[in-house]
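Coordinates in review
What follows is each chain in one-letter form.
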Amino acid sequence: MKKSVLLPTDENLILTIKEDALDRNAELNSFCHLLSHSNSMNSIALDGRWGSGKTFFVKQCALLINAKNSLSNIDENTAKDILEITEQSNSFEGLTDNKLLAVYFDAWENDSNEDPVLSLIYRIVQQLNLKTDGFDLNHLAHILGTMGDAITGRPITTVFECLNEKNILDEIRKHEDLETIIKKFFEKVLFEKAEQLIIFVDELDRCRPSYAVQLLERIEHYFINGRITFVFSVNLEQLQHTIKNFYGNDFDACRYLDRFFDLRLSLPPINTTKYYNSINLSNNVEIDRVLMRIQQTFNMSLREFCKFYDSVKVSGMTSCFTETEDFMFKYIVTLCLALKITNIDLHEDFIHGKNGQPLLDLYDNDFGKHICELLLTSDEMLENPRVDDVVHVYLKTEVKQKEKLSELYDVIFKRNYINGERINLGEFTFNKSSKYFVNKLDSLLNEYTNYEE
């Protein structure tokens, strides 16, 4: 089964720009324009919750920036594809050739390394392909060696091994201060290649607290340069927790972070309707309505919704069910799967008959009215009937949606059936196998087969 969660490969990054599946191309264009005029801003925080697509967004920005710079080391075919897309799309009007260079740095991937500055410098060397671009490797080794010695107080050999250079630390004893050394390094990197270097730092909020603090403080101390802009794609709320884990719960993490960020931006929300259309959902209108309602109710991130959607497909979207089973799959199983992703404790209480509140939260409203109507007997009607039902009020008993939903929860999850007992709610019949059916599909492991004692 093809996963709905796309990995941020160049192929997927280009495809989502081409199709504008998340409806973010206009924002990508605006952000690239902002970065091209960011001389007065050395550090920008791009805030977004986990799973909201930050990595996709910043990697797409990096591709757009490097594709527009003929001196960058982006793959030629990749650059060609991106340039064709931008020329054909109205979203990228005004995005002209630039003298920017972009580098992507995954802080989380590197937080096991000895020092964040050396990791960052090495990634810049890697991505700009300095080893094969006429760059003086002896000079680079000289600079990096002095950095390692000055920052850590002891020789660092790993970087040189990666660069296939001999360890010349013992020969290097520069008297310049470290800020001057790093400044010279970037002057060397930027000479003829670009006027501005954009460094995207991703996943900082997932790093060890000590590493995250080190990276922030050393960037501020050593990388102040009008020709370098750092973009931190982070969940600021989580990053504040990370900072407090290092400095203590009473530490003012919000003001601390203000020291590092000249500008805070929020990642724009995706166009959920456009995204749903791009993945074609289930081709079942009613299930689609439920899935979208669940996404809104639980405020699922893009990543959470993709995982939820995949679990629904695995659970039984294409299976053949009885009428009652189909009802439970659409309205109960999907809810169970959503709870499993968003709140596992609540999920356990829900499926074990301890807490039916999630069912009320999802369906005790106008959206759930038609669902409750399906559960009514011939002599029942919901409160606040439709105008065309008013004439029949005197013949029927009014019931609340909440009561019907609670009754539904009880007959599936709480009732102890005996001797083949069955309970009818409107068009549907429930029995001992009803809970078994829900739990079986919720497990995602085994195909459901009818069960009843």
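A few points on the structure.

The rules behind the values
- Residues numbered from 1 in each chain as written.
- Predicted model: local features only at pLDDT ≥ 70, side-chain atom pairs only at ≥ 80, totals over all residues.
- Heavy atoms only, no water.
- Helix = DSSP H or I, 4+ residues; strand = E, 2+ residues; numbered from the N terminus.
- Buried < 20%, exposed > 50% of the residue type's maximum accessible area, 1.4 Å probe, protein only.
- Contact = heavy atoms within 4.5 Å.
- Areas by Shrake-Rupley, 256 points an atom, 1.4 Å probe, with all protein chains shown as cover.
- Pairing = 2+ DSSP bridges.
- Axes fitted to C-alpha atoms, helices over the stretch in contact; angles between N-to-C directions.
- Polar contact = N/O pair within 3.5 Å; in protein donor to acceptor, adjacent residues only side chain to side chain.
- Salt bridge = Lys/Arg side-chain N within 4 Å of Asp/Glu carboxyl O.
- Left-handed = near helix turned anticlockwise from the far one by under 90°.
- Nonpolar A, V, L, I, M, F, W, Y, C, P; charged D, E, K, R; others polar.

Observations regarding the overall build of the protein
Helix and strand counts for the protein come out as 20 helices and 9 strands. Here the protein, with 453 residues, has 49% of them falling under the buried criterion. The contacts in the protein between residues at least 6 apart in sequence include a share of 73% that link residues at least 24 apart. Here the protein has roughly 22400 Å² of accessible surface; of this, 45% comes from carbon and sulfur atoms.

Some remarks on the sheet that holds strand β1 (residues 43–47)
Across the sheet, 5 strands lie side by side as β2-β3-β4-β1-β5; this open sheet has parallel pairing. This sheet does not close on itself; its edge strands, each paired only once, are β2 (100–106) and β5 (263–266). With direction set aside, neighbouring strand axes in the sheet form an average angle of 20 degrees. Here 4 bridges tie β1 to β5, and the two strands are oriented parallel to one another.

Section: the environment of Leu 46
Relative to the helices and strands, Leu 46 resides in strand β1. With 188 residues separating them along the chain, Leu 46 and Val 234 place their C-alpha atoms 6.1 Å apart. In this view, Leu 46 contacts Lys 54, Phe 57, Val 58, Val 231, Phe 232, Ser 233, Val 234, Leu 265, Ser 266 and Leu 267; residues no more than four positions away in its chain are not counted.

Focus: the side chain of Glu 203
As for its position among the elements, Glu 203 is in the loop between β3 (196–202) and α9 (209–222). Its relative accessible area of 14% is what places Glu 203 among the buried residues. Side chain to side chain, Glu 203 and Arg 206 meet in a polar contact 2.8 Å long. Leave out the neighbours within four places in its chain, and Glu 203 touches Thr 55, Asp 106, Ala 107, Trp 108 and Ser 233.

A closer look at the pattern of salt bridges
Under the counting rule described, the total for this entry stands at 14 salt bridges. Across the salt bridge formed by Glu 407 and Lys 404, the nearest N and O atoms sit 3.1 Å from each other. Of this pair, Glu 407 and Lys 404 both sit in helix α19 (residues 401–414), 3 residues apart, roughly one helical turn. Put simply, Asp 410 and Lys 414 hold a salt bridge, and the shortest N to O gap is 3.9 Å. You can see Asp 410 and its partner Lys 414 sitting in helix α19, 4 residues apart, about one turn around the helix.

Describing the packing of helix α13 (residues 285–297) against helix α14 (residues 302–316)
With their axes 11 Å apart at the nearest point, α13 and α14 run at an angle of 145 degrees to one another. In this structure, α13 meets α14 at a crossing whose hand is right-handed. Of the residues in α14, those touching α13 at Leu 291, Ile 294 and Gln 295 are Phe 305, Phe 308, Tyr 309 and Val 312. In the contact of α13 with α14, the residues fall into 6 nonpolar, 1 polar and no charged.

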